[in-house]
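# Reading the structure
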Amino acid sequence: MHLKGGLHIHTTCSDGDLTISEVIRIYSQLGYDFIALTDHDYLKRPDCYTVVDQINTDLIVFKGVELTIFEKGYVHVNRITGKDEALHIFNHPSELDMPLEKVIQRISAIADRYPLDAIEVTSKGFRTPEYEIPEIPFHKIATDDSHTRIGCGRAWIEMDCQRDKDSIIRAIKNGDFWNCYTETRGCTVSGSY
Ligand SMILES: [Zn+2]
């Protein structure tokens, strides 16, 4: 199946403006097949995502978390779990506000500690192509990192795979997805960087 999804979304469980129900409704209306809720670990109440199971929706909803990791300063890594699979994405390198060489070192230090699968090449849904380079040896992925209604749907991924959590995670790990942007009205092939 052809699927559309967003892997970095905040709700009122941390610093987002939208409730989980609102997020599910908005992304459903935008034609998404799956989303990952990734609220900040240091703000999120442990039971905050249990409400997901009570919401009637066709959307596949991953219960993820945005980890705050100290590595010569703080960096953010999203952990998104399926049934047996887990995905780790290094978030928004442009927001570290440091030279590219240092960003590459920081990513490599994190990869020694966490099983990184991909890095974001977006900041709040806007493309940051300076990180789409072979010197960063991970899949490059586009996300919204949405915190508000206006931030929903700026960037997403599309893929052809089975419609279940583990198949989606495995497709991403294989680099079998496209990054898509409202900004440029199109998608790119992730493996082509
Ligand atoms: Zn975030």
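Keep in mind the model is a prediction, meaning the values are calculated, not measured.

Right, let's talk about the overall build of the protein chain for a bit. The secondary structure content of the protein chain amounts to three helices and twelve strands. For the protein chain, the C-alpha radius of gyration of 15 Å lies close to 16 Å, the compact-globule estimate for 193 residues. If one aligns the C-alpha atoms of the protein chain with their principal axes, the spans along those axes are about 45 × 35 × 35 Å. A burial count over the protein chain gives 54% of its 193 residues as buried. The long-range fraction of contacts in the protein chain, counting pairs at least 24 apart against all pairs at least 6 apart in sequence, stands at 64%.

Attention now goes to the coordination of the zinc ion. Listed as protein donors to the zinc ion are H8 (NE2), H10 (NE2), E66 (OE) and D145 (OD); their distances from the metal cover 2.0 to 2.5 Å. Viewed at the metal, the four donor atoms of the zinc ion are separated by angles of 76 to 171°, and the geometry they form is irregular. Site description for the zinc ion: donor spacing in sequence, H-x1-H-x55-E-x78-D. Taken as a pair, H8 in strand β1 (residues 2-9) and D145 in the loop between β9 (139-141) and β10 (155-160) lie far apart in primary sequence, 137 residues in all. The class for H8 is buried, based on a relative accessible area of 0%.

Our next topic: the state of the cysteines. Formally, a disulfide is one covalent bond, and it connects the sulfur atom of one cysteine to the sulfur atom of another. Under the counting rule described, the total for this entry stands at two disulfides. Covalently, C180 is tied to C187 through a disulfide, its sulfur atoms 2.1 Å apart. Judged by the sign of its S-S torsion, about 105°, the bond between C180 and C187 is right-handed. Taken N- to C-terminal, the disulfide-bonded cysteines of the protein chain are connected 1-2, 3-4. Its sulfur unpaired, C152 is 15 Å from the next cysteine sulfur, which belongs to C13. For C152, a relative accessible area of 7% puts it in the buried group.

Right, let's get into the pairing of strand β2 (residues 34-37). Alternating residues of β2 divide into F34 and A36 and I35 and L37, and every residue in both groups is buried. Note: β1 against β2, three bridges, orientation parallel. Bridge pairing in β2 places G5 opposite F34. For the segment spanning β1, helix α1 (residues 20-29) and β2, crossover handedness is right-handed. The pairing of β2 with strand β3 (residues 60-70) spans four bridges and is classified as parallel. Along β3, the bridge assignment pairs I35 with V61.

Scanning the model with the defined rule gives nine salt bridges in all. Where D53 meets K63, a salt bridge forms, and the shortest distance between an N and an O atom there is 3.0 Å. Of this pair, D53 sits in the loop between β2 and β3 while K63 sits in strand β3, and the two are ten residues apart along the sequence. K63 gets classed as partly exposed once you look at its relative accessible area, which sits at 32%. Linked through salt bridges whose partners overlap, the residues forming this network are E85, R170 and K173.

So, on to the packing of aromatic side chains. Aromatic ring pairs are reported here in terms of the distance separating the ring centres and the angle at which the planes meet. With the rule as written, the count across this model stands at three aromatic pairs. Aromatic pair Y27 and Y32: ring centres 4.7 Å apart, planes at 75°, arrangement edge-to-face. Each member of the pair, Y27 together with Y32, is buried. When the centroid spacing of 6.1 Å and the interplanar angle of 85° are considered together, the rings of F34 and F62 count as edge-to-face. Taken together, the positions of F34 in strand β2 and F62 in strand β3 put the pair 28 residues apart, joining distant regions of the chain. The same class applies to F34 and to F62, which are both buried. The positively charged end of K44 is found above the aromatic ring belonging to Y49, 4.2 Å away from the centroid.

So, how was this worked out
Residues numbered from 1 in each chain as written. Predicted model: local features only at pLDDT ≥ 70, side-chain atom pairs only at ≥ 80, totals over all residues. Heavy atoms only, no water. Helix = DSSP H or I, 4+ residues; strand = E, 2+ residues; numbered from the N terminus. Rg over C-alpha atoms; globule rule 2.2 N^0.38 Å. Buried < 20%, exposed > 50% of the residue type's maximum accessible area, 1.4 Å probe, protein only. Contact = heavy atoms within 4.5 Å. Donors = N, O, S within 2.8 Å, 3.2 Å for Na, K, Ca; no water. Tetrahedral: all angles 85-135°; square planar, octahedral: opposite > 155°, others 65-115°. Disulfide = S-S within 2.5 Å. Pairing = 2+ DSSP bridges. Right-handed = clockwise from strand over helix to strand, strands pointing away. Salt bridge = Lys/Arg side-chain N within 4 Å of Asp/Glu carboxyl O. Phe/Tyr/Trp six-rings, centres within 6.5 Å; stacked < 30°, edge-to-face > 60°. Lys NZ or Arg CZ within 6 Å of the ring centre and 35° of its normal.

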